[in-house]
Amino acid sequence: MKLFINTTSPYARIVRIAILEKGLDDRIREDIIDPWGNRPNFVGANLHERVPALLLDDGTGLAETSIILHYLETIRPDPTLYPASDYRRMMSLAGIALGAVDVMAAIIITRKSAPDFDANPLGRKRFRTVGSAFDQLNATLPPRLDDQLNIASIATAVAVDYAVFRFRERDFLDSRPALRQWREDCRGHGSLVATMPYHAE
Ligand SMILES: N[C@@H](CCC(=O)N[C@@H](CS)C(=O)NCC(=O)O)C(=O)O
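> Explain the overall build of the chain to me, using residue names and the numbers behind them.
Counting its regular elements, the chain contains eight helices and four strands. What you see in the chain, going N to C, is helices and strands ordered as β-α-β-α-β-β-α-α-α-α-α-α. Rg of the C-alpha trace for the chain: 17 Å, near the compact-globule value of 17 Å for 201 residues, within the 12% margin. The C-alpha extent of the chain, read off along each of the three principal axes, is 50 × 45 × 30 Å. Scored against the burial criterion, the 201 residues of the chain give a buried share of 33%.

This is the structure:
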């Protein structure tokens, strides 16, 4: 199988972390691409030309992070991303963190066509809800990834790192010490270390 990614995408990172955690990395090769350009074999995997996109060995293309996670869970159920213990709380936190990822990525994408986006009412709403999401996560932390694999912890780590990576000028963590400490506590976690976002040359 081949996973199309880029090195900054938080969506691709979530899938990459799940692959590493499930020990599927020997079956899935990564292909770093520019989703903003055109590339036929990539389009075959995701007609919307976005990463992540998983190309199966039989040529089937899987798009959308949630769909790819579901597929990974089907082919390698153990360890699960969705443990049964405290299931509803975990799913609720996962939704909050995944939403923060989605909203932050939307800000970055919208800025490409509207440089003053942050100051307009929709831009302000976007930042307000990301702040609310981090407040909630700061108040109700998911398990540490070292202690338990689960989608809420993966999404929270990815959301925090993406905020730091993309919005260095904003204080997303200084006012949320519990969340900052939580991220600090899993600093050495292998799948997080191996997938840290960076700008490719
Ligand atoms: N809903 C998609 C979002 C994926 C997405 O927006 N990926 C971005 C990179 S962070 C992308 O490839 N953008 C290229 C484009 O929008 O044309 C998912 O869950 O996978």
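> Summarise the site of the ligand; cite the residues concerned and give the values.
Surrounding the ligand, one finds Ser9, Tyr11, Pro35, Trp36, Glu49, Arg50, Val51, Pro52, Glu64, Thr65, Ala105 and Ile109. When grouped by side-chain class, the residues that make up the shell around the ligand number seven nonpolar, two polar and three charged.

> Can you explain helix α1 (residues 10-21)? Please cite residues and give values.
With 12 residues, α1 extends 16 Å between its outermost C-alpha atoms, agreeing within 8% with the 16 Å of an ideal straight helix rising 1.5 Å per residue. Within α1, 11 of the 12 residues are buried, which leaves the element mostly enclosed by the surrounding structure. Looking at α1, one finds that the buried residues are Pro10, Tyr11, Ala12, Arg13, Ile14, Val15, Arg16, Ile17, Ala18, Ile19 and Glu21. The elements touched by buried residues of α1 are β1 (2-5), α3 (65-75), α4 (87-113), α6 (151-166) and α8 (190-193).

Rules used in this analysis
- Residues numbered from 1 in each chain as written.
- Predicted model: local features only at pLDDT ≥ 70, side-chain atom pairs only at ≥ 80, totals over all residues.
- Helix = DSSP H or I, 4+ residues; strand = E, 2+ residues; numbered from the N terminus.
- Rg over C-alpha atoms; globule rule 2.2 N^0.38 Å.
- Buried ≥ 20, exposed ≤ 12 C-beta atoms within 10 Å, placed from the backbone.
- Near = placed C-beta within 6 Å.
- Nonpolar A, V, L, I, M, F, W, Y, C, P; charged D, E, K, R; others polar.
- Expected span 1.5 Å × (residues − 1).
- Contact = placed C-beta atoms within 7 Å.

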